[in-house]
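An overview of the molecular structure
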Amino acid sequence: GGGGAPLAVPAAVLETYAGTGPLAFLKRKRVDIATYKIKSMDLVRPEGTLAFARTAENAWQFRPAGEKAWVRSGFAADDMADVLANLTAEAYAAENPPDLAPYGLDRPAFTLTIRAEDPVTGGSPVEKTLEIGRQVPGKDVYYAREKADPMIFTLGKIKKERLEAEFKEDRKVL
């Protein structure tokens, strides 16, 4: 028979993972790119698209879709880049679901695409797109996914707000 030694699991670990299924044990780090390697970003949302580009002086500038003039951007562009460059899932919701609609990812509320130098070789550019769907009912998290990945995970409300912060209409930035 079995005869193996019992396994001791700390209570906090057991509470965190018990009954959550195999997705709970996946690595939560989704993207790991040095923020300074990000050269451009596009934020697509219902109000339109904002394009961001890093200048030779390492500052961000942005422009709304259809505009020709670039506007200098403050800390919020760095904050947005940091959220996606160091993207970590709060939890996993599904793997390769047949329908994205229950998660609001069939038509994401908004997407953020970054283009960066290859984090390992510095060679050909890397592109990552984060799609954010609907809020998880009764929780302060949102469904999200990397566009090229079948995993659906949750993203905390604070991270979502960091992605939107400077560019909301009521802040008079647009």
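Computed from a predicted model, the values in this text were never measured in an experiment.

With that out of the way, let us pick up the packing of aromatic side chains. Scanning all chains against the criterion turns up three aromatic pairs. Their ring planes at 85 degrees and their centres at 4.9 Å tell us that Y103 and Y143 sit as a pair that is edge-to-face. Residue Y103 is found in the loop between β5 (91-95) and β6 (110-116), and its partner Y143 is found in strand β8 (residues 141-146); the two are separated by 40 residues along the sequence. Taking NZ or CZ as reference, K160 lies 4.6 Å from the ring centre of Y142, over its face.

In this section: the side chain of T154. Along the polypeptide, T154 turns up in strand β9 (residues 151-156). Its relative accessible area of 8% is what places T154 among the buried residues. Excluding residues that lie within four positions of it along the chain, T154 makes contacts with A89, E90, A91, V136, V141, Y142 and Y143.

Turning our attention to unusual backbone geometry. A positive phi angle is found at N58, which is not glycine, with a value near 70 degrees. Locating N58 in the fold gives a position in the loop between β2 (48-54) and β3 (60-64). Judged by its relative accessible area of 45%, N58 falls in the partly exposed class.

How each quantity is defined
Every chain begins its residue count from 1, and numbering advances along the sequence as written. The model is predicted, so local features are restricted to residues of pLDDT at least 70 and side-chain atom pairs to those at 80 or more, both for listing and for counting; the totals for chains, interfaces and linings are taken over all residues. Only hydrogens and water are removed before side-chain values are computed, so all heavy atoms of the structure are retained for them. Pairs were defined over the aromatic rings of Phe, Tyr and Trp, the Trp ring being its six-membered one, requiring ring centres within 6.5 Å. Orientation was assigned from the angle between planes: stacked under 30 degrees, edge-to-face over 60, tilted for the rest. Secondary structure follows DSSP: runs of H or I at least 4 residues long count as helices, runs of E at least 2 residues long count as strands, and numbering of each begins at the N terminus. Counting as a charge over the ring demands two things of the Lys NZ or Arg CZ atom: a distance within 6 Å of the ring centre and an angle within 35 degrees of the ring normal. Think of it in three bands: residues with accessible area under 20% of the maximum for their type are buried, residues over 50% are exposed, and the middle band is partly exposed, with areas taken using a 1.4 Å probe on protein chains only. Any two residues whose heavy atoms approach within 4.5 Å are treated as being in contact.

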